[in-house]
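Below, each chain spelled out in residue letters.
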Amino acid sequence: QVQLVESGGGLVQAGGSLRLSCAASGRTFNIMAWYRQSPGKEREFVAAINSSGGSTYYAGSVKGRATISRDNAKNTVCLQMNSLKPEDTAVYYCAITYGITWLSRPQIWGQGTQVTVSS
């Protein structure tokens with residue numbers, strides 16, 4: 001199976017930006033997505049991108065502030081987040097789904113990277 005490794009998390013002040021990266025151990029031509037999870041809460045969808053990178057989908061909570069992109073030649077997917085809010089604080093996970101809908105449950109997950117936004 002393909003292995004995913006996230007990076008780029010850290011501590012930022014509200015209003016700041018972060019760029020999260022996800023490196024895959026092999027090629028993938030499936031939908032890739034970012035999810036996040038805060039302590040005591042369910043893991044929630046953030047953004048997804050199709051196999052070619054030509055179509056994207058975002059959760060309402062981050063729409064206008066987040067941009068997902070992928071580089072299939074480098075086997076990477078990124079999430080650029082701007083205007084960060086304290087409620088964006090969470091562990092962010094990169095994932096691969098073999099389904100055909102944006103919200104199909106992913107089958108492969110990375111270990112996550114921590115994002116903390118201070119007020």
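Residues numbered from 1 in each chain as written. Predicted model: local features only at pLDDT ≥ 70, side-chain atom pairs only at ≥ 80, totals over all residues. Heavy atoms only, no water.

Quick word on the packing of aromatic side chains
Inspection of every chain in the model, using the stated rule, returns five aromatic pairs. Arranged with centres 6.0 Å apart and planes meeting at 15°, the rings of Y57 and W102 form a pair that is stacked. With Y57 in strand β6 (residues 56-58) and W102 in the loop between β9 (90-97) and β10 (108-109), this pair connects stretches of sequence that are 45 residues apart. According to the relative accessible area criterion, Y57 is partly exposed, its value standing at 35%. With a relative accessible area of 25%, W102 lands in the partly exposed category. Its guanidinium or amino end placed over the ring of Y93, R43 lies 3.8 Å from that ring's centre, counting from NZ or CZ. Over the ring of W109 we find R43, and its NZ or CZ is 4.7 Å from the ring centre. (Phe/Tyr/Trp six-rings, centres within 6.5 Å; stacked < 30°, edge-to-face > 60°. Helix = DSSP H or I, 4+ residues; strand = E, 2+ residues; numbered from the N terminus. Buried < 20%, exposed > 50% of the residue type's maximum accessible area, 1.4 Å probe, protein only. Lys NZ or Arg CZ within 6 Å of the ring centre and 35° of its normal.)

Focus on unusual backbone geometry
Positive phi, close to 55°, is recorded for N75, a residue that is not glycine. Assignment of secondary structure puts N75 in the loop between β7 (66-71) and β8 (76-81). Positive phi values are uncommon outside glycine, yet S83 reaches one of about 50°. Locating S83 in the fold gives a position in the loop between β8 and β9.

Structural notes on the pattern of salt bridges
Counting across every chain of the model gives three salt bridges. Taking the shortest distance from any N to any O, the salt bridge between E44 and R36 comes out at 2.8 Å. Notably, a salt bridge pairs R36 with D88, separated by 2.9 Å at the nearest N-O pair. Residue R36 is located in strand β4 (residues 31-37), and its partner D88 is located in the loop between β8 and β9; the two are separated by 52 residues in the primary sequence. With relative accessibility at 5%, the residue R36 sits in the buried group. Among the charged side chains, a salt-bridge network with shared partners connects R36, E44, R65 and D88. (Salt bridge = Lys/Arg side-chain N within 4 Å of Asp/Glu carboxyl O.)

Focus on the state of the cysteines
Between two cysteines, a covalent bond joining their sulfur atoms is known as a disulfide. On inspection of all chains with the given rule, the structure shows one disulfide. Bridging C22 to C94, the disulfide has an S-S length of 2.2 Å. Its S-S torsion of approximately -80° makes the covalent link between C22 and C94 left-handed. Residue C22 is located in strand β3 (residues 18-24), and its partner C94 is located in strand β9; the two are separated by 72 residues in the primary sequence. Assessed through its relative accessible area of 1%, C22 is described here as buried. Residue classification places C94 among the buried positions, given a relative accessible area of 0%. Of all cysteine sulfurs in the structure, the one in C22 sits closest to C78, which takes part in no disulfide; the separation is 8.6 Å. Relative accessible area serves as the criterion here: at 10%, C78 is assigned to the buried category. (Disulfide = S-S within 2.5 Å.)

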